[in-house]
Amino acid sequence: MAAKNPIPLLTPYSMGEFDLSHRIVLAPLTRSRSYKNVPQPHAAVYYSQRATKGGLLIAEATGVSDTSQGYRDTPGIWTREQVEAWKPIVDAVHEKGAVFFLQMWHVGRVSTYGFQPNGQAPISSTDKGITPGLDGVDWAPPRRLSKDEIRSVVNDFRVAARNAIEAGFDGVEIHGANGYLIEQFLKDKVNDRTDEYGGSLENRCRFALEVVEAVTNEIGSNRVGIRLSPYTEFMESIDSDPDALGLYLAKELNKFDLVYLHMIEPRFSGDEVPHELLPIRKAFNNTFIAAGGYNRRKGNLAISENYADLVAFGRLFLANPDLVRRYELDATLNEYNRTTFFSQDPVFGYTDYPFLEEAN
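The following paragraphs examine the structure supplied in this document.

The rules behind each value
Residues numbered from 1 in each chain as written. Predicted model: local features only at pLDDT ≥ 70, side-chain atom pairs only at ≥ 80, totals over all residues. Heavy atoms only, no water. Helix = DSSP H or I, 4+ residues; strand = E, 2+ residues; numbered from the N terminus. Contact = heavy atoms within 4.5 Å. 1 Å grid on protein atoms, 1.4 Å probe; cavity = no way out; pocket = protein on both sides within 12 Å on 5 of 7 lines; lining within 4 Å. Points joined across faces, edges and corners; volume = space filled by probe spheres on them. Nonpolar A, V, L, I, M, F, W, Y, C, P; charged D, E, K, R; others polar. Buried < 20%, exposed > 50% of the residue type's maximum accessible area, 1.4 Å probe, protein only. Pairing = 2+ DSSP bridges. Phe/Tyr/Trp six-rings, centres within 6.5 Å; stacked < 30°, edge-to-face > 60°. Salt bridge = Lys/Arg side-chain N within 4 Å of Asp/Glu carboxyl O.

1. Describing the environment of Leu301
Point 1. Summarising the element assignment, Leu301 is placed in helix 9 (residues 296–304).
Point 2. Placed 293 residues apart in sequence, Leu301 and Pro8 show a C-alpha to C-alpha distance of 7.8 Å.
Point 3. Setting aside residues up to four positions removed in sequence, Leu301 forms contacts with Asp271, Glu272 and Val273.

2. Overview of empty space enclosed by the protein
Point 1. Tallying each qualifying case throughout the model produces one cavity of 30 Å³ or more.
Point 2. In this model, the largest cavity occupies a volume close to 30 Å³.
Point 3. Taken together, Gly176, Glu183, Leu186, Lys187, Leu228, Ser229, Pro230, Leu245 and Leu249 make up the lining of the largest cavity.
Point 4. Elements that contribute at least two residues to the lining of the largest cavity include exactly helix 4 (181–186) and helix 7 (242–254).
Point 5. Partitioned by chemical class, the residues of the lining of the largest cavity number five nonpolar, two polar and two charged.

3. A few points about the pairing of strand 5 (residues 99–105)
Point 1. Most of strand 5 is tucked away, with seven of its seven residues classed as buried.
Point 2. Here strand 5 shows no split at all, with Val99, Phe101, Gln103 and Trp105 on one side and Phe100, Leu102 and Met104 on the other all buried.
Point 3. Pairing of strand 4 (residues 56–63) with strand 5 involves six bridges; the strand directions are parallel. When the bridges of strand 5 are listed, Leu56 appears paired with Val99.

4. Overview of the packing of aromatic side chains
Point 1. Scanning all chains against the criterion turns up 16 aromatic pairs.
Point 2. Consider the rings of Phe101 and Tyr260, whose centres lie 5.6 Å apart with planes at 45°: the pair is tilted. With Phe101 in strand 5 and Tyr260 in strand 10 (residues 260–264), the pair connects residues that are 159 residues apart, well separated along the chain. The pair Phe101 / Tyr260 is uniform in exposure class, with both members buried.
Point 3. Among the aromatic residues, those joined into a cluster by ring pairs are Tyr46, Tyr47, Trp86, Phe100, Phe169 and Tyr350.

5. With respect to the pattern of salt bridges
Point 1. For the structure shown, the criterion picks out 17 salt bridges.
Point 2. Between Lys87 and Glu84 there is a salt bridge, with its nearest N and O atoms 3.0 Å apart. A residue pair is termed a helical-turn pair when its members lie 3 or 4 positions apart in one helix, as Lys87 and Glu84 do in helix 2 (residues 80–95) at three residues.
Point 3. Judged by relative accessible area, Lys87 falls into the partly exposed class, the value being 24%.
Point 4. Note on Glu84: relative accessible area 37%, which makes it partly exposed.
Point 5. Notably, a salt bridge pairs Glu218 with Arg158, separated by 2.9 Å at the nearest N-O pair. On the criterion of sequence distance, the pair formed by Glu218 in helix 6 (residues 206–219) and Arg158 in helix 3 (residues 147–166) is long-range, its members being 60 residues apart.
Point 6. Under the relative-accessibility criterion, Glu218 is labelled partly exposed at 27%.
Point 7. Through salt bridges with shared partners, one network takes in Arg80, Glu84, Lys87 and Glu166.

What follows is the structure, given as structure tokens:
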């Protein structure tokens, strides 16, 4: 960014070994256009449109195994076909000079029989299901993982991370947020186990930290971030003391020297930046990314107040492929079309949002 007096969001930043030219991050966004769980060529267009030299992009949540799926046409990284399909997408982003991380997930109980191999029950920390009909879906009752099975899932994350690096990604983000499998272990309103993976705060965090350890051992901590959302209640994943959960995890994650911690804000409105994540930000040693409800003004405040190092933008970036340029110029933004967020069309609502020059 060549502006003489750049806004805070457009100042350079070093995230470990990655020299970023600005603080605006593409948040991971499920787009449901990876047919039969295989990334498609149109994703190369979509991500490269949003890539800038020295910018950080985080790819959409990507399954680590055939049991990890819970939504239609979301990508995977567990088969050879998927790894090969990701390669040209990563290349297209790198050609723009951007840094590209892959978010890895397992949805756990946020699934149905139809998404599971052989129509089996989804797996989770618990056998308590999501309320049937929530979000209009007939969620299948989950099956509680055994300790041996937990070790197998940890290994799935490890192999997926190795596959991501083989596909060319610069690193991976472990999805520990939004009510999916890792959070089903973390939060005490879901996790009702009585073994070493349940009960105390330390026990509930054990699975997450085992995943982190396996992944960092496999590809190096300089290539690993994690996303957490202790304050959200998505998919009935609630904790009785989110402050303690977030703070404990931040301190434990320091032991692994992760390149970043990506935190989802509690829901907020108004023009001021909430500071509920500040204790977690202060406790974590490395790069801190804040996400949720940010716009240009709030993002600039978060950076100028040293509340966050980077700010992730979702829907605004989805609808404005040149969001970085628009923020530089303080230009008008395209409005997003919520009805096309998860549609299967490879162009409409996906790669056809106009750039500023086209809009004018």
